[in-house]
Amino acid sequence: MGTFQIDFGDSPKERIIGIDLGTTNSLAAFQDLTGPEIIPTAEGGRIVPSVVSVGEDGAVLAGQAAKDQLKQRPRETVYSAKRFMGKGPDDIREELAFLPFSLASTPASAENNIIRLQVGPLAMTAPEISAHILAELKRNAEAYFGEPVTKAVVTVPAYFNDAQRQATKDAGRIAGLEVLRLVNEPTAAALAYGLDKRNQGVIAVYDLGGGTFDISILRIQDGIFEVLATNGDTHLGGDDIDKLLLEIALEDIASEWGFSVREDASAVETIRQAVIAAKEQLSFVPETQIDVDYQGRKYQRHLDRGLFDKLIAPVIERTVAPCRQCLKDAGLAPEQIDEVVLVGGSTRIPYVRKVVQQLFQAIPHTELNPDEVVALGAAVQAGILAGDVADTLLLDVTPLSLGIETMGGVVSKLIHRNSTIPASATEQFTTAVDGQTNVLIHVLQGERELVKDCRSLARFDLKGIPPMQAGLARIEVKFLIDANGILNVSAKDLRSGLEHSVEVKPSYGLTDEQVEAMILASIENAERDVRERQVREARVEADRILAAVEKARNSDAWLALDEAQQSAVQQAINELLLAYHGEDHLVIHAHMEKLDEATRSLAESMMNTAVASALKGTKI
Amino acid sequence: MEYFRVMGIEPRLQLDPLELQQTFYRRSRELHPDRFARAAKTQQDAALAESSLLNDAYRTLKDPVARTEYFLKEKGLDIATQGTKQVPPELLEEVFELNLLLEEAQGGPELEAAKERFETLLREADRELESLFPDAENQLPALRQLLNRRRYIANLVRDIHGHFSN
């Protein structure tokens, strides 16, 4: 029986963080002694919006600072980049019609179908955009722990294919994070829920996020989380609901205002944010209104839950078939599901909860915040890898069948969907004509029978076969899907017993060389990005101080100052405003301190007035 | 018998499903790559190879039919190379009638009855198969014959189901 001595060496244990890289929002968490905890952002929040913005000089902002740019600079700001991960130009044409982004005129490489989005002056691939979000989360974690963080567990939709998974791993590398494991989002949620809950049972995780839908069914027993089946749609989520509402608002506005604002990216973004606000309110109140105020023009529309439910029903209905298929694949009837867990912001919608309840005949769990549960689960998995969480083990599956192209454009399946990973298959190859020196293997993912209906994954070239008679060469190829759900291919020449080299041409994805180049570029740009970020942060701080001083100037305390003191304050304000629009955060900070100095007497005066009025109100 | 080795059990066809599951979980705890995240690269590679073999083994062994096929193949009796187009003689008449029904391309009570009949035959074949498990070593030819018969019936049931879902 094969057992190993585990050799951990002498390397000190390095912290591993868990990251939920979402379509709309991203979060980082870590495994604390008492359980998983969210890592706060620099501003003290918990969520990092998955938004990236590029300045005129090419400096990049990510997170809340980038989201703040959305309305003013929609052409320089990009969101929902996750939807483009592992995609080729043909996949996203339809999508782009609804988003204010355009493809860069020169594709990165026509050969491997990479798309680049034009974000301000930069042409960026989806992994590069995601890398900026990951880097923001990394910085937050480093600031929080006061030490470098270089290792992470990152979550992906369970239904992500090989290219989408690889793109996520690439994003980590570009951001300077070693992605030790990709975990499926619904499984991560189950980990977060399952720890202190039941010891045994079958649970379904229904995960409807901003851009993707997953359903997973798991058996939990004594700390083993065995995924029985998974299904989903990587193109279905809250974004689709926003799109519906946006369409209605745009049509209304065209008739009310007498002209269309479709081509005005800034207007469209303002309206999009208004319909999202209305959508979110409807999860808590039965009726609300869409409220748009754009350059002095107003648009209002009453919206109640009844109409909203009718509107979104076709979108939510699309989650039902994957759920049924998943039950079927798990060999279970709905009544055999003990518990249902809801994940993703879109599961706050009452209509979604109703559909899920009917489908599984169980009242779904909502105890944990659906926005945070995936990140918390990623932290638990990080704890498992670090050896801190000893009794828990996740056995996940591959969501899609893997096969190779055979004669006549038919796919021969080697590893079936819902196989527990790691999973492997071996296949023997030979030559078809005399003297042939290489064999090309086309690998695909999908459930259909024909090559044209499956997703091309990669072409593997077995090169350097010695010339011989047709059919004599014997090369054994091993296809192995690792615990990340990513395919590894190795080949052995059975005649010589030696490893055979395999050249990989990904169908949709970056080559190693491209990723390396991006890592270098990100290091070069990091300095400028940090500067930009420091300026932004200094401005936020200055805004806060200026607002406080403004408030003080309207108080009685201001009148208590003499003229010289007042003009000193005014002078300091003017200087800070000048520095504010400059590009040096140190200068901004210096003038903030000057203003602080100048307002000291004002602050004292305010304190005295406050104390005085407090004393006045006190009866001794 | 790699699959039995990696599971840590003696090669045999008589297996209790729950016991097999517990064995699989126990071996997963020992072999899964998560347990080797901080180990040396060579150990990680070994864990990856062993745990993928373990998963393949569990997938095969938990299904009595796949388990029997594997067992026979390891014993040098490869059933996949045997002709499965050949109709088991005792079923000739019924299969002939079924094909007529399927060609007429209509449902109706006769096809419904045929579906019931062949599903019953399939269940019987499964029971018969498992009845041979305790003395598998001495029943290899019988097991092979039964597997071929079962595969033939399973194909018919699949065809009937396909007909209904159209």
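Residues numbered from 1 in each chain as written. Chains lettered and ligands numbered in written order. Predicted model: local features only at pLDDT ≥ 70, side-chain atom pairs only at ≥ 80, totals over all residues.

Participant: Would you mind going over the interface of chain B and chain A with me for this structure?
Facilitator: It is common to give the size of an interface as the accessible area lost on bringing the parts into contact. Each partner contributes residues to the interface: chain B has 25 residues there, and chain A has 23 residues. For the side of chain B that touches chain A, the elements supplying multiple residues, two or more each, are helix H1 (2–7), helix H2 (17–31) and helix H3 (41–61) of chain B. Ranked by residues supplied to the side of chain B that touches chain A, first place goes to H3(B) with 10 residues. Per-class residue counts for the side of chain B that touches chain A are 10 nonpolar, 7 polar and 8 charged. (Contact = placed C-beta atoms within 7 Å. Helix = DSSP H or I, 4+ residues; strand = E, 2+ residues; numbered from the N terminus. Nonpolar A, V, L, I, M, F, W, Y, C, P; charged D, E, K, R; others polar.)

Participant: Just checking my understanding: could you explain the packing of helix H6 (residues 238–257) of chain A against helix H7 (residues 265–281) of chain A for this structure?
Facilitator: Think of two packed helices as two axes; the pair is described by the angle between the axes and how far apart they sit. Residue and element names in this part refer to chain A. Two numbers describe how H6 lies on H7: the axes approach to 9 Å, and their chain directions differ by 120°. By the angle between their axes, H6 is oblique relative to H7. Crossing of H6 over H7 shows right-handed handedness. Together, Ile241, Asp242, Leu245, Leu246, Ala249 and Leu250 of H6 and Ile271, Arg272, Val275, Ile276 and Lys279 of H7 make up the contact between the two elements. Its residues assigned to classes, the contact of H6 with H7 shows 8 nonpolar, no polar and 3 charged. (Axes fitted to C-alpha atoms, helices over the stretch in contact; angles between N-to-C directions. Parallel < 35°, antiparallel > 145°, perpendicular 65-115°, else oblique. Left-handed = near helix turned anticlockwise from the far one by under 90°.)

Participant: What should I look at first to understand the environment of A:Trp558 in this one?
Facilitator: All names here are of chain A. Following the sequence through the fold, Trp558 ends up in helix H13 (residues 556–559). Residue classification places Trp558 among the partly exposed positions, given that 17 C-beta atoms sit within 10 Å. Aside from chain neighbours lying at most four places away, what touches Trp558 is Ala552, Arg553 and Leu602. (Buried ≥ 20, exposed ≤ 12 C-beta atoms within 10 Å, placed from the backbone.)

Participant: What is the right way to read unusual backbone geometry from this model?
Facilitator: Leaving glycine out, the prevailing phi sign among residues is negative, and the prevailing peptide bond configuration is trans. Residues and elements named next belong to chain A. A cis amide bond links Ile421 to the next residue, Pro422, at an omega of 0°. Here Pro422 is to be found in the loop between strand E21 (410–415) and strand E22 (423–429). Positive phi is not limited to glycine here, since Asp222 has a value of about 50°. With respect to the secondary-structure elements, Asp222 resides in the loop between strand E14 (213–221) and strand E15 (224–233). Residue classification places Asp222 among the exposed residues on the basis of 12 C-beta atoms within 10 Å. Not every positive phi belongs to a glycine, and Gln295 is a case in point at roughly 50°. Residue Gln295 is classed as exposed on the basis of its 9 C-beta neighbours within 10 Å.

Participant: What should I look at first to understand the pairing of strand E16 (residues 287–294) of chain A in this one?
Facilitator: Relative to strand E17 (residues 297–304) of chain A, E16(A) runs antiparallel, the two sharing 8 bridges. Counterpart to A:Thr288 in the pairing with E17(A) is A:Leu303. (Pairing = 2+ DSSP bridges.)

Participant: Please clarify how the sheet that holds strand E23 (residues 439–445) of chain A should be interpreted in this entry.
Facilitator: Pairing between the strands of a sheet comes from backbone hydrogen bonds, and it takes one of two forms, parallel or antiparallel. Residues and elements named next belong to chain A. Reading across the sheet, the 5 strands line up as E21-E20-E23-E24-E28 and stay open at both edges, with antiparallel pairing between neighbours. The strands lining the two open edges of the sheet, one partner per strand, are E21 and strand E28 (502–506). In this sheet, neighbouring strand axes are inclined to one another by 30° on average, regardless of whether the strands run parallel or antiparallel. Note: strand E20 (residues 402–406) against E21, 5 bridges, orientation antiparallel. In the strand pairing of E21, Thr406 is matched with Val410.

Participant: Sorry if this is basic, but what is going on with helix H8 (residues 305–317) of chain A here?
Facilitator: Three- or four-residue spacings in an α-helix give side chains the same orientation, since the helix completes a turn every 3.6 residues. Residues and elements named next belong to chain A. Here H8 contains 13 residues, and its C-alpha end-to-end distance of 17 Å stays within 8% of the 18 Å for a straight helix at 1.5 Å per residue. When the local axis directions of H8 are compared, the greatest deviation, roughly 40°, occurs at Leu311, which is followed within four positions by the proline Pro314. Restricting attention to buried positions, one finds in H8 the residues Phe308, Ile312, Val315 and Ile316. Its buried side turned inward, H8 meets H6, E17 and helix H10 (350–360). (Expected span 1.5 Å × (residues − 1). Bend = angle between axes of the 7 residues up to and from the residue.)

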